[in-house]
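Descriptive structure summary
What follows is the residue order along each chain.
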Amino acid sequence: MIKATALDPSVVGDDQVYRHRGPARVFVDERDAIRAVKGATERPIQAGDVIVLIGNGPSGTGMQETAQITTALRYLPWGKHVALLTDGRFSGFSSGACVGHIGPEALHGGPLGRVRDDDLIEIVIDRRTLSGSVDLVGAAGEPLDRAAGAALLAQREPHPGLAAHPALPADTRLWAALQRASGGTWAGCVYDVDRIVAALEAGLPHTEQPT
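Treat the numbers as computed from the prediction; the structure is a model and nothing was measured. (Residues numbered from 1 in each chain as written. Predicted model: local features only at pLDDT ≥ 70, side-chain atom pairs only at ≥ 80, totals over all residues. Heavy atoms only, no water.)

A few points about the overall build of the chain
- Looking only at helices and strands, one finds six helices and seven strands in the chain.
- Referenced to the eigenvectors of the C-alpha coordinate spread, the extents of the chain come out at roughly 75 × 35 × 35 Å.
- Scored against the burial criterion, the 211 residues of the chain give a buried share of 42%.
- Sequence-distant contacts in the chain: of pairs separated by 6 or more residues, those separated by 24 or more amount to 66%.
- By element, 55% of the accessible surface of the chain is carried by carbon and sulfur atoms, the whole surface being about 11500 Å².
- When the 20 positive and 25 negative side-chain charges of the chain are each reduced to one mean point, those points stand 5 Å apart. (Helix = DSSP H or I, 4+ residues; strand = E, 2+ residues; numbered from the N terminus. Buried < 20%, exposed > 50% of the residue type's maximum accessible area, 1.4 Å probe, protein only. Contact = heavy atoms within 4.5 Å. Areas by Shrake-Rupley, 256 points an atom, 1.4 Å probe, with all protein chains shown as cover. Lys, Arg positive; Asp, Glu negative; His and termini not counted. Charge placed at Lys NZ, Arg CZ, Asp CG, Glu CD.)

Some points on the side chain of Asp49
- Among the secondary structure elements, Asp49 is positioned in the loop between α1 (30-37) and β2 (50-53).
- Only 2.8 Å separates the side chain of Asp49 from the backbone nitrogen of Gln46, close enough to count as a polar contact.
- In contact with Asp49, not counting residues within four places along its chain, are His20, Pro23, Arg25, Pro44, His81, Val82 and Ala83. (Polar contact = N/O pair within 3.5 Å; in protein donor to acceptor, adjacent residues only side chain to side chain.)

So, the sheet that holds strand β4 (residues 98-99)
- Taken in spatial order, the seven strands of this open sheet run β4-β3-β2-β1-β5-β6-β7, and their pairing is mixed. Either end of the sheet is taken by a strand with one partner, and the two such strands are β4 and β7 (142-143).
- Lying over the sheet, helix α4 (residues 146-155) contacts β5 (120-126) and β6 (131-139), oriented at roughly 75 degrees with respect to β6. (Pairing = 2+ DSSP bridges. Axes fitted to C-alpha atoms, helices over the stretch in contact; angles between N-to-C directions.)

Some words on the nonpolar core
- Tyr18, Val52, Leu85, Ile121 and Ile123 are the most contacted members of the largest nonpolar core, which has 25 residues in total.
- Sequence-distant contacts of Leu85, that is, excluding residues within four places in its chain, are made with Val50, Ile51, Val52, Leu53, Val99, Ile102, Leu112, Ile121, Ile123 and Val134.
- Residues Ala33, Val37, Leu84 and Phe90 belong to the second largest nonpolar core, which totals 15 residues. (Core = buried A, V, L, I, M, F, W, Y, C linked by side-chain atoms within 4.5 Å.)

Quick notes on a nonpolar patch on the surface
- Where nonpolar side chains cluster on the molecular surface, the patch consists of Tyr191, Val193 and Val197 and spans about 300 Å² of accessible area.
- Within the secondary structure layout, Val193 lies in helix α6 (residues 193-202).
- Judged by relative accessible area, Val193 falls into the partly exposed class, the value being 44%. (Patch = residues over 30% accessible without salt bridge, like charges linked within 9 Å, V, L, I, M, F, W, Y side chains within 5 Å. Salt bridge = Lys/Arg side-chain N within 4 Å of Asp/Glu carboxyl O.)

Thoughts on the side chain of Glu122
- You can see Glu122 is positioned in strand β5.
- For Glu122, a relative accessible area of 18% gives the class buried.
- A polar side-chain atom of Glu122 sits 2.7 Å from a polar atom in the side chain of Arg21.

So this is what it looks like as structure tokens:
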């Protein structure tokens, strides 16, 4: 999901299409990403980068709001030239090239969780047709077409640092499990009670009835 009208007009073409291609900078903790944006790390975020924040979906952080990164980028002179991809969510305050709610979430097999630093990412958003795409188009310095990029992601292992937040409350973990059994946020956020019940009953041990 992206707020296409919140893109800075200066980075959108005359055809109303936003195009961005840049190296991935992968983070499993929003605080590390914020430090990189603020230049407080050995390799700070630069114009042209694509920040990839993973593990922020329902099963990772309970889908906490990713607001500090977008706020910091908004007030940097080159922030409009940085894109952000995440399986987390944004608030109505966020602006810029921020693509969220990407699914399946990284912790449950989503391709976002297999992206590595310096992978080349291409983002295309058409503000007229309300359509878009995010593709891996290069790795290890070699260009890839979309099919090859998708195949590479499919065969990779998840990012080694990917994990649920250790303090994730039990009720949040339960909510994440229920929404996943219902089809996931990536299936349209449909709360399918029958599907959840069927999934639960399928996992219960069979009990023989007395004769």
